[in-house]
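Reading the structure
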Amino acid sequence: MSTVATTEAPPMRYPRLAQPWIALFLAILAELGIALFVLSVVSVPLIAVWVGIPLLLVVVPAARWFANCHRTMLAGFLGERIPRPYKKPPMPGMLMRLRTILTDPQTWRDIVWLLVNAVIGFTLCLLSAVLFLAGLFYLVYPLLVGVTPEGVFTEPFGGLFTVNFWTSFLVMPVALIAFLIWQAAGERLLKANAFVARSLLGPTESAKLAMRVRELAESRAETVDTQAAELRRIERDLHDGAQARLAALSMNLGMAEEMVARDPAQAAALLTEARESASTALSELRDLVRGIHPPVLADRGLDGAVKALAMSCPFKVDVTYDVPGRPPAPVESAAYFAVAECLANAVKYSAATTAWIQITHEDEKLHMIVGDDGVGGAVIRPGGGLYGIERRLAAFDGTLTVVSPSAGPTTVIMELPCESSSLKTTPSSGTA
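Reference entry: report on the structure contained in this document. (Residues numbered from 1 in each chain as written. Predicted model: local features only at pLDDT ≥ 70, side-chain atom pairs only at ≥ 80, totals over all residues. Heavy atoms only, no water.)

**Let's talk about the nonpolar core**
Rule in force here: For the purposes of this section, nonpolar cores are sets of buried Ala, Val, Leu, Ile, Met, Phe, Trp, Tyr and Cys residues that join through side-chain atoms within 4.5 Å. Throughout this description, buried means an accessible area under 20% of the type-specific maximum (1.4 Å probe, protein chains only), exposed means over 50%, and partly exposed covers the range between. Only DSSP runs of H or I with at least four residues qualify as helices, and only runs of E with at least two residues qualify as strands; both kinds are numbered from the N terminus onward. The criterion used for residue contact is that any of the two residues' heavy atoms lie within 4.5 Å.
Counting 39 residues, the largest nonpolar core has Val339, Ile359, Leu366 and Met414 as its most contacted members. The set of elements that each furnish at least two residues to this core consists of helix 9 (295-312), helix 10 (329-350), strand 2 (354-362), strand 3 (365-372), helix 11 (387-394), strand 4 (399-403) and strand 5 (410-417). Top contributing element to this core by residue count: helix 10, with eleven residues. Not counting the four nearest positions on each side in its chain, Met414 is found in contact with Ala338, Val339, Cys342, Leu366, His367, Met368, Val370, Leu393, Thr399 and Leu400.

**Details of a negative patch on the surface**
Using the following cut-off: Exposure above 30% relative accessible area and no salt bridge define the residues that can form patches, which grow by joining like charges within 9 Å and nonpolar side chains of Val, Leu, Ile, Met, Phe, Trp and Tyr within 5 Å. Computed by Shrake-Rupley with a 1.4 Å probe, the accessible areas treat only the displayed protein chains as cover when residues are assessed. Each reported salt bridge corresponds to a side-chain nitrogen of Lys or Arg within 4 Å of a carboxyl oxygen of Asp or Glu. Positive: Lys, Arg. Negative: Asp, Glu. His and the chain ends are not part of the count. Taken as the charge centre is NZ of Lys, CZ of Arg, CG of Asp or CD of Glu, depending on the residue.
Together, Asp322, Glu362, Asp363, Glu364 and Glu419 make up a negatively charged patch on the protein surface. Residue placement: Glu364 occurs in the loop between strand 2 and strand 3.

**A word on the pairing of strand 3**
Stated formally: Strand pairing is defined by DSSP finding a minimum of two bridges between the two strands.
With six of eight residues buried, strand 3 lies mostly within the body of the structure. Across eight bridges, the pairing between strand 2 and strand 3 is antiparallel. When the bridges of strand 3 are listed, Thr360 appears paired with His367. With eight bridges connecting them, strand 3 and strand 5 associate as antiparallel partners. Counterpart to Lys365 in the pairing with strand 5 is Pro417.

**Section: the packing of helix 2 (residues 52-78) against helix 4 (residues 105-139)**
Note the cut-off: Lines fitted to C-alpha atoms define the axes, with helix axes restricted to the stretch in contact, and inter-axis angles between N-to-C directions lie between 0 and 180 degrees. Two helices cross in a left-handed way if the nearer one is turned anticlockwise from the farther one by less than a right angle. They cross in a right-handed way if the turn is clockwise. Charged means Asp, Glu, Lys or Arg here, nonpolar means Ala, Val, Leu, Ile, Met, Phe, Trp, Tyr, Cys or Pro, and polar covers whatever is left, Gly included.
Two numbers describe how helix 2 lies on helix 4: the axes approach to 10 Å, and their chain directions differ by 65°. Helix 2 and helix 4 meet at a crossing whose hand is left-handed. Across from Val60, Ala63, Arg64, Phe66, Ala67, His70 and Arg71 in helix 2, the residues of helix 4 making contact are Gln106, Thr107, Asp110, Trp113, Leu114 and Asn117. Tallied by class, the residues present in the contact of helix 2 with helix 4 amount to six nonpolar, four polar and three charged.

In structure tokens, the structure reads:
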């Protein structure tokens with residue numbers, strides 16, 4: 001299927017048995033972060049003697065990389081990704097980059113997190129790992145005693161009994177207790193660390209608002225560019241197609257009017273040619289109008305229009321439509337063209353034999369799923385076949401997600417905000 005810009009899929013959770021080793025790794029990283037914290041703090045006063053400028057330009061990106069690694073790893077415990085709310089320099093240049101770094105609140109939140117992570121994060125992660133490792137140690141404790149030379153274990157275990165191969169089995173309940181505590185609290189400790197990290201590494205409310213404003217500004221600019229390109233396409237199609245044919249039609253009618261008296265046969269031939277030109281121009285105008293807003297969409301609504309799309313495909317397409325009413329015209333049009341583009345790409349690139357379309361309305365959103373059993377392998381490529389659809393949905397604050405493994409199948413998941421109050425309950429005109 002065609003490539004498409006996608007939103008990130010939710011992170012996969014870590015297997016339970018992998019968590020102790022990840023916790024141990026995070027505990028080691030927490031102490032390594034102390035070096036970045038010290039360098040970050042020391043480099044700020046050194047700006048006065050210019051030594052701090054290159055130091056900051058090296059240390060801060062390293063600290064951000066360190067924080068981004070933790071954002072990625074901790075997302076597996078949270079079940080959601082931690083955004084990276086860093087400001088971008090408005091202009092190139094070392095001084096502008098330094099100014100952006102120093103005025104970015106997230107820079108200082110990262111530095112605070114380095115210290116918090118070295119204390120709280122280290123403690124929580126190490127405790128989670130130690131609980132598992134303690135259970136594992138006491139589980140194999142009799143084996144260790146059995147392979148250890150006699151006389152090594154001379155101290156009584158807890159002051160209760162002398163350790164030998166047979167008495168070492170008495171500590172097996174300790175392993176069970178450690179495993180039970182780890183089973184109950186091990187993952188919770190790691191989640192607590194992830195929540196602490198998210199509180200400092202994630203965006204603040206003001207940062208979320210700034211990110212949202214930036215996204216809306218970018219979406220508006222892209223929407224304006226898309227509409228301008230669409231208007232240029234319509235103008236070009238009219239100029240090169242229908243307008244040229246209508247001009248030729250006018251010339252043929254003028255010539256036929258002059259020749260009707262002296263050469264009726266030639267005039268009849270010109271009239272025939274004019275009729276054919278008029279028919280072709282009318283067909284081109286219909287195609288152009290259909291590309292702007294398909295009549296079937298206006299007459300039969302999204303349900304009927306999508307079913308008409310499915311019937312025009314060369315392979316079987318199953319359609320499931322469950323929307324209580326009719327969406328507003330702009331939402332309906334965006335949804336229709338999104339589904340149409342997905343089907344067109346499935347026909348062109350996927351080598352599919354069947355496809356399916358599911359459109360529902362839940363949680364004040366219009367959910368659209370278009371899938372096929374083709375070869376899959378869709379990747380992110382801005383400007384690709386479905387990139388315009390992703391931008392069209394973004395203009396409505398919608399999202400587009402593509403799940404397409406290399407062996408298939410491909411599933412395109414789209415969402416458009418559509419409140420229940422905006423759904424029209426009056427039946428659409430035309431037949432369903």
